[in-house]
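# Fold and contact review
Okay, here's what each chain looks like letter by letter:
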Amino acid sequence: MKTVQDDTGKRYLLLKRSDHASLVRDPQNGNECYVQNDRLEDLESESALETATGCVSDPVKTLLTNVHDEATLGLLVELEERGPLGVRTLLDAYDFCESDLHGRLTVLTAAGLLEETEVAGERGYRLTETCRRALEVIRVDEGDEQTATAETSDVSESELNESQS
């Protein structure tokens, strides 16, 4: 699979090429269509897998590519819940050594997920709007979680009843 671009600058995933037209897929909505070959240009600068992420919002991509473990994700969730926190508070409240915390804060700040601020006269950190939007997208709504749990319970119960018959 390759990334191609039409004459308007729109990027697609090339699925199949024939003599006159190519079957392409729009990575943002999954729609497939044929485009005349003379309107398409191969893009060597972007892999097909990078193009495939077109359906994922930029804030979520940033979060996913920069948060590599649950502790770092938990740090962001805590900053969302508690607001800006000073570095001393972060060190006292959570199980990070100073160098580990500093490394995480540096990565998250460089990614645009955190920004430095002043808290009670000391250096602290707060979420950026990009991070807030990403966390909002990935957060499970309590109602959705209860519905999913109930559906799982219903399926398990019906399967149990069928196996006993």
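For clarity, every value in this text was computed on a predicted model and none was experimentally measured.

### Comments concerning the overall build of the chain
Per the secondary structure count, the chain includes seven helices and eight strands. For the chain, the proportion of contacts with a sequence separation of at least 24, taken over those separated by at least 6, is 46%. Here the chain has roughly 10800 Å² of accessible surface; of this, 46% comes from carbon and sulfur atoms.

### A few points about the sheet that holds strand E2 (residues 11–17)
What the five strands build is an open sheet, ordered E4-E3-E2-E1-E5; its pairing is antiparallel. Edge strands, defined here as strands with exactly one partner in the open sheet, are strand E4 (32–36) and strand E5 (40–42). On average, each strand axis in the sheet is tilted by 50° relative to the strand beside it, whichever way the strands run. Relative to strand E3 (residues 21–25), E2 runs antiparallel, the two being bridged by four bridges. Following the sheet pairing, Arg 17 is matched in E3 by Ser 22.

### A short note on the sheet that holds strand E6 (residues 85–86)
Taken together, the three strands give an open sheet; going across it, the order is E6-E8-E7, and neighbouring strands pair in antiparallel fashion. Looking at the sheet topology across the chains shown, the edges are occupied by E6 and strand E7 (114–119). In the packing of helix H3 (residues 70–82) onto the sheet, the strands contacted are E6, E7 and strand E8 (122–127), and the crossing angle to E8 comes to about 95°.

### Re the environment of Lys 10
Note that Lys 10 resides in the loop between strand E1 (2–6) and E2. Taking the relative accessible area as the measure of exposure, Lys 10 reaches 25% and is therefore partly exposed. Residues Lys 10 and Leu 40, spaced 30 residues apart in sequence, show a C-alpha to C-alpha distance of 9.6 Å. Beyond its immediate stretch of four places on either side in the chain, Lys 10 contacts Val 4, Gln 5, Asp 26 and Gln 28. In this structure the side chain of Lys 10 is engaged in a polar contact, spanning 3.1 Å, whose partner is the side chain of Asp 26.

### A word on the pattern of salt bridges
The full count for this structure, using the stated rule, is twelve salt bridges. Ionic pairing is found between Lys 2 and Asp 42, a salt bridge with its closest N-O pair at 2.9 Å. Of the two residues, Lys 2 sits in strand E1 while Asp 42 sits in strand E5, which places them 40 residues apart along the sequence. Of the residues examined, Asp 42 reaches a relative accessible area of 31% and is grouped as partly exposed.

### Quick word on the packing of aromatic side chains
Overall, the coordinates contain zero aromatic pairs when judged by the stated rule. Against the face of Tyr 12 rests Lys 10, its NZ or CZ located 5.8 Å from the ring centre.

### Concerning the pairing of E7
One ladder, built from six bridges, connects E7 with E8; its direction is antiparallel. Within the sheet, the bridge partner assigned to Thr 117 lies in E8 and is Gly 124. Counting the residues in the hairpin turn of E7 and E8 gives two residues, including Ala 120, whose phi is positive at 50°.

### With respect to helix H2 (residues 58–66)
Looking at H2, one finds that the buried residues are Pro 59, Val 60, Thr 62 and Leu 63. For H2, the angular spread of the buried residues around the axis is 160°, confining them to a single face. Facing away from the buried side of H2 by more than 90 degrees, the exposed set consists of Asp 58, Leu 64 and Thr 65. The inward-facing, buried residues of H2 contact H3 and helix H6 (129–138).

Reading guide: rules and limits
Residues numbered from 1 in each chain as written. Predicted model: local features only at pLDDT ≥ 70, side-chain atom pairs only at ≥ 80, totals over all residues. Heavy atoms only, no water. Helix = DSSP H or I, 4+ residues; strand = E, 2+ residues; numbered from the N terminus. Contact = heavy atoms within 4.5 Å. Areas by Shrake-Rupley, 256 points an atom, 1.4 Å probe, with all protein chains shown as cover. Pairing = 2+ DSSP bridges. Axes fitted to C-alpha atoms, helices over the stretch in contact; angles between N-to-C directions. Buried < 20%, exposed > 50% of the residue type's maximum accessible area, 1.4 Å probe, protein only. Polar contact = N/O pair within 3.5 Å; in protein donor to acceptor, adjacent residues only side chain to side chain. Salt bridge = Lys/Arg side-chain N within 4 Å of Asp/Glu carboxyl O. Phe/Tyr/Trp six-rings, centres within 6.5 Å; stacked < 30°, edge-to-face > 60°. Lys NZ or Arg CZ within 6 Å of the ring centre and 35° of its normal. Arc of directions from axis to C-beta.

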